[in-house]
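# Structural features, examined
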Amino acid sequence: MRAQEILAKKRDGGVLTEEEIRYFVNGVVRGEIPDYQAAAFLMAAYVRGLTEEETLALTLAMADSGEKLDLSSVPGFKMDKHSTGGVGDKLTLVVLPMVAAVGIPVAKLSGRALGHTGGTIDKLESIPGFRTNLTREEIVRQVEDIGLAVAEPGEEIVPADKIFYALRDVTATVDSKPLIVASILSKKLAGGADGFVFDVKAGSGAFMPTEEDARELATLLVRISKKLGKRATAILTNMIQPHGYEIGNANEVREAIEVLKGGGPDDVKGAAVRMAAEMALLAGKAETILEAVRLVDDTLASGAALEKFAEWVERQGGDPRVVDDYELLPQPEYEVIVGAEREGILMPPDARLIGEAVMLAGGGRRKKGDPIDHAAGVTLYYRGGSKIFRGDALARMVASQEIPDEAVEKLVQAFKVTEEDVTCIQTVIDVVR
Ligand code: URA
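Read on for a plain summary of the structure. Not measured: the values here are computed from a predicted model. The residue numbers shown here count from 1 along each chain, following its written sequence. At least 70 in pLDDT is required for a residue's local features to be given in this predicted model, at least 80 for side-chain atom pairs to be given and counted, and no such filter applies to totals for whole chains, interfaces and linings, which use all residues. Think of the side-chain values as coming from all heavy atoms in the structure, minus any hydrogens and water.

## A look at the sheet that holds strand β7 (residues 334-339)
This is how the line gets drawn: Between any two strands, at least two bridges found by DSSP are needed for them to pair. Under the scheme used here, helices are H or I runs from DSSP no shorter than 4 residues and strands are E runs no shorter than 2 residues, and both carry numbers assigned from the N terminus. Fitted lines through C-alpha atoms give the axes, limited to the stretch in contact for helices. The angle between two N-to-C directions lies from 0 to 180 degrees. Contacts are assigned to residue pairs that have any heavy atoms within 4.5 Å of one another.
Spatial strand order, β6-β9-β11-β7: four strands in an open sheet with antiparallel pairing. At either end of the open sheet lies a strand with only one pairing partner, and these are β6 (246-248) and β7. Averaged over all adjacent pairs, the angle separating strand axes in this sheet is 15°, with direction ignored. Bridge count for strand β9 (residues 377-380) against strand β11 (residues 393-399) is four bridges, and the pairing is antiparallel. Paired with V378 across the bridge in β11 is M397. Helix α11 (residues 249-260) rests against β6, β9 and β11 of the sheet, and its axis sits at about 140° to β6. Seen against the sheet, helix α15 (residues 351-363) touches β6, β9 and β11 and runs at an angle of roughly 140° to β9.

Written as structure tokens, this is what we have:
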């Protein structure tokens, strides 16, 4: 078998065999197939598409390219959650303790902020002392002990994805659904869970700007997961405006804790309950979705989810007193208030622009490896549909360093006022099973 033959077959619209795909992926990871051939493969796959069988084979070959978490010592049905990324998306911080509190073990490998989107690892690291570089053994032991662990994947987890993703980024081949599915699912497989709930976001702040694209991606994620022998559900959520009122690392930790205390914004709470309930349903903890909703909702009312969150923080080296004392989180020194220039109904504040504003203020990364200011963030005072008056404060932006003008300009651009009614914006759009 030769790489050129595989490339020619895909270029001409042929369907690759599992053997050919595995040969190619292994060759790339071992350095026997150079980057320029890997890039050509990605472009051919992008242009010609991949069948479901090819996507499945690519997912498996990528998952097998490195080490995996072995959760077999953990009793019960293990669940994982994956978000395609958004702005103000603190759902993992709320959902995981809820699910763990009803006895569903969760091990999750999470990412960092990049571009306008946030990352769970950075959010957790805004809690003083919180360690995210757990070894695979530490993750498994922690899930055995407290039912929950979140860590950054080490270099040994799906090395094929690291190579392919970097090449996709520079060859305009990121937004191919089969390539996205193989990238996400190979990492989920390496995470060792039995079932997945995917949060696929649609809107300006998401990877998939339209609901149609998000639905196609959600459907493919669920179909390929099932072919892999996993239980899976995808929830489509709206990312036209950010989730909740808080965007930025420490800001989002605060808002997530408020939800765990039974308060917080309705949209975050509603989406978190739905996500946790879908996980409970897949894990067999309830017969119907209503029963599952009651079960997980009770973890908020009883304080069990908050208690689990504090236990989790402490176990990963963080200061659990943070749940009662937000002053323990990084405190900003600079602030800017953005005000309304005219009266009207507020359009949904643009998620992408707000994400970019937070990034420019230091709360995110332009490129991988950039340092981050955990205190930088935005608090929205209003969301879409609110009646506002000239001079109303619309948002507060904070940071540890002086806030650059370009960050303020982005934030200002995120707010538009209209004379017309703004229809109610649902957070959960649909569920794909
Ligand atoms: N998230 C991933 O992990 N991979 C992709 O390709 C896109 C989003």
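Having seen the model, we can carry on.
## Describing α15
We count it as follows: Helix span is expected to be 1.5 Å times the residue number reduced by one. Using a 1.4 Å probe on the protein chains alone, a residue whose accessible area is under 20% of its type maximum counts as buried, one over 50% counts as exposed, and one in between counts as partly exposed. Whenever two N or O atoms come within 3.5 Å, that pair is a polar contact, provided that in protein one can donate a hydrogen and the other can accept it, and provided that, for residues adjacent in sequence, both atoms are side-chain atoms.
In a regular helix each residue adds 1.5 Å, so 13 residues correspond to 18 Å; α15 covers only 15 Å between its end C-alpha atoms and thus falls short of that length. Within α15, eleven of the 13 residues are buried, which leaves the element mostly enclosed by the surrounding structure. Within α15, the full set of buried residues consists of A351, L353, I354, G355, E356, A357, V358, M359, L360, A361 and G363. Buried residues along α15 sit in contact with β6, α11, β9, β11 and α16 (405-413). With a side-chain oxygen positioned 3.0 Å from the backbone nitrogen of R352, the residue opening α15 is D350.

## Describing helix α12 (residues 266-282)
Taking 1.5 Å as the rise per residue, α12 with 17 residues should run 24 Å; its terminal C-alpha atoms sit 24 Å apart, in good agreement. With twelve of 17 residues buried, α12 lies mostly within the body of the structure. Within α12, the full set of buried residues consists of D267, V268, A271, A272, V273, M275, A276, A277, E278, M279, A280 and L282. G284 lies just past α12 and shows a positive phi near 80°.

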